[in-house]
Amino acid sequence: MTRTLNVAAIQTSYGMDLKANIKKTEAFIREAAAGGAQVILPSELFQGPYFCVTQEEKWFAEAHPWREHPVVKAIAPLAGELGVVIPISIFEREGPHYFNSVVMADADGSMLGLYRKSHIPDGPGYQEKYYFRPGDTGFKVWDTRFGRLGVGICWDQWYPEAARAMALMGAEALFYPTAIGSEPHDPTLNTTLPWQRAMQGHAVSNVIPVIGANRIGFEPWDNYPNGGQLFYGSSFIADHRGDLVSELGRDEEGLVAATFDLDYLQTHRAAWGFFRDRRSDLYSALASPRPA
């Protein structure tokens, strides 16, 4: 019997109200599940606004231990109710440490573990090093009900070694929750196409589908260049050739969705030889957890 994987990603705006953001995400998850999606990807840090535009200590209060996080406590049971897999993006606190993390909820509602973002940006509008410690989990893939899945987080998406590490660990699809938009230091700079092309390259080089979920909308901030941050959406799904098979625009709210034949992709991936001819000694450390 052919193994197929039905995937979807959510593109929407988010505000200050945690409960409203969870409710909004839940509605899209239900819509995607009703449409046949088996794995549903919300965007990065959908618990609230993308607060990393500035450095304000008040935001540390919004982090929680991952098993107790209100987003996880709401969304993981929903995965079990609907029988779907959901990578859940959260602001995590572990003791004195803070991470940008994803908790993988399987289709029975169980939590398979978490991945902590490895690459942390630090620049105008994306001052994440103030908030997040570099991840110490190593790159992760999970055996879910519907396939073996890898997840990177936003800035990870620019690094080919992250995608390759997950592919070497047997990932059958790669998911990237994201929050990216305008650049306050240069209002003429538009990174939409490079953002997509980087991940399309991961799809080609690893012969694997790639799913990217971004937020939309203008999020105002006091005393911030241009009055706030504008997120450019453009969420997409790329197939193993890097072709965009589903895509939303810069301000559309909704879902992207696609279906993939995992057995075909496994054979096609073997035929390309990218993993047969790799230098194993160059990649052996990529998937190892970092020391604390």
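Residues numbered from 1 in each chain as written. Predicted model: local features only at pLDDT ≥ 70, side-chain atom pairs only at ≥ 80, totals over all residues. Heavy atoms only, no water.

**Student:** Can you walk me through the overall build of the protein in this structure?
**Tutor:** Counting its regular elements, the protein contains 6 helices and 16 strands. Here the C-alpha radius of gyration of the protein, 18 Å, is about what a compact globule of 292 residues would show, namely 19 Å. The C-alpha extent of the protein, read off along each of the three principal axes, is 55 × 40 × 40 Å. Partitioning the intrachain contacts of the protein with sequence separation of at least 6 by distance along the chain shows that 69% fall at a separation of at least 24. Carbon and sulfur atoms make up 52% of the accessible area of the protein, which amounts to about 12100 Å² in all. Averaging the coordinates of the 26 positive side-chain charges in the protein and doing the same for the 34 negative ones gives two points 5 Å apart. (Helix = DSSP H or I, 4+ residues; strand = E, 2+ residues; numbered from the N terminus. Rg over C-alpha atoms; globule rule 2.2 N^0.38 Å. Contact = heavy atoms within 4.5 Å. Areas by Shrake-Rupley, 256 points an atom, 1.4 Å probe, with all protein chains shown as cover. Lys, Arg positive; Asp, Glu negative; His and termini not counted. Charge placed at Lys NZ, Arg CZ, Asp CG, Glu CD.)

**Student:** Help me understand the sheet that holds strand β9 (residues 147–151), please; the structure alone is not making it clear to me.
**Tutor:** Think of a sheet as strands paired side by side through backbone hydrogen bonds, with each pair either parallel or antiparallel. The strand order across the open sheet formed by 6 strands is β8-β9-β10-β11-β14-β15, and the pairing between neighbours is mixed. Pairing within the sheet leaves two strands with one partner each, and these edge strands are β8 (141–144) and β15 (244–247). Sheet twist, expressed as the average angle between the axes of neighbouring strands with direction ignored, equals 20°. Two strands pair when backbone bridges link them, and β8 and β9 are joined in this way by 4 bridges, in the antiparallel orientation. (Pairing = 2+ DSSP bridges. Axes fitted to C-alpha atoms, helices over the stretch in contact; angles between N-to-C directions.)

**Student:** What's the story with the pattern of salt bridges in this structure? I'm lost.
**Tutor:** Opposite charge on two side chains permits pairing when their charged atoms draw close. Under the defined criterion, the tally for this structure stands at 14 salt bridges. We note a salt bridge from Lys24 to Glu253, for which the minimum N-O separation is 3.2 Å. In this pair, Lys24 is assigned in helix α1 (residues 18–34) and Glu253 in the loop between β15 and β16 (254–261), connecting sequence segments 229 residues apart. Judged by its relative accessible area of 44%, Glu253 falls in the partly exposed class. Note that Lys117 and Glu128 form a salt bridge whose closest N and O atoms lie 2.8 Å from each other. Of the two residues, Lys117 sits in the loop between β5 (111–116) and β6 (122–123) while Glu128 sits in the loop between β7 (126–127) and β8, which places them 11 residues apart along the sequence. The burial state of Lys117 is the same as that of Glu128; both residues are buried. Taken together, the shared-partner salt bridges in this structure form one network comprising Glu92, Glu94, Arg116 and Asp136. (Salt bridge = Lys/Arg side-chain N within 4 Å of Asp/Glu carboxyl O. Buried < 20%, exposed > 50% of the residue type's maximum accessible area, 1.4 Å probe, protein only.)

**Student:** Explain the environment of Lys129 here, please?
**Tutor:** By the element assignment, Lys129 lies in the loop between β7 and β8. C-alpha of Lys129 to C-alpha of Cys52: the two residues are 77 residues apart in sequence and 8.8 Å apart in space. Those residues in contact with Lys129 that lie beyond four places of it in its chain are Ile120, Pro121 and Asp122.

**Student:** Before we go on, may I ask you to explain the packing of α1 against helix α2 (residues 70–82) in this structure?
**Tutor:** Each pair of packed helices gets described by two things: the angle between the helix axes and the distance between those axes. Contact geometry for α1 and α2: axes closest at 11 Å, N-to-C directions at 20°. Our classification of the angle between α1 and α2 gives roughly parallel. For the pair α1 and α2, the crossing hand works out as right-handed. Residue-level inspection shows Leu18, Ile22, Glu26, Ile29, Arg30 and Ala33 of α1 in contact with α2, the latter providing Pro70, Val71, Ala74, Ile75, Leu78, Glu81 and Leu82. A class-by-class count of the residues in the contact of α1 with α2 yields 10 nonpolar, no polar and 3 charged. (Parallel < 35°, antiparallel > 145°, perpendicular 65-115°, else oblique. Left-handed = near helix turned anticlockwise from the far one by under 90°. Nonpolar A, V, L, I, M, F, W, Y, C, P; charged D, E, K, R; others polar.)

**Student:** Quick question: what am I supposed to make of helix α3 (residues 160–168) here?
**Tutor:** Within the sequence span of α3, burial applies to Ala162, Ala163, Arg164, Ala165, Met166 and Ala167. Looking one or two places after α3, you find Gly170, whose phi comes out positive at around 95°.

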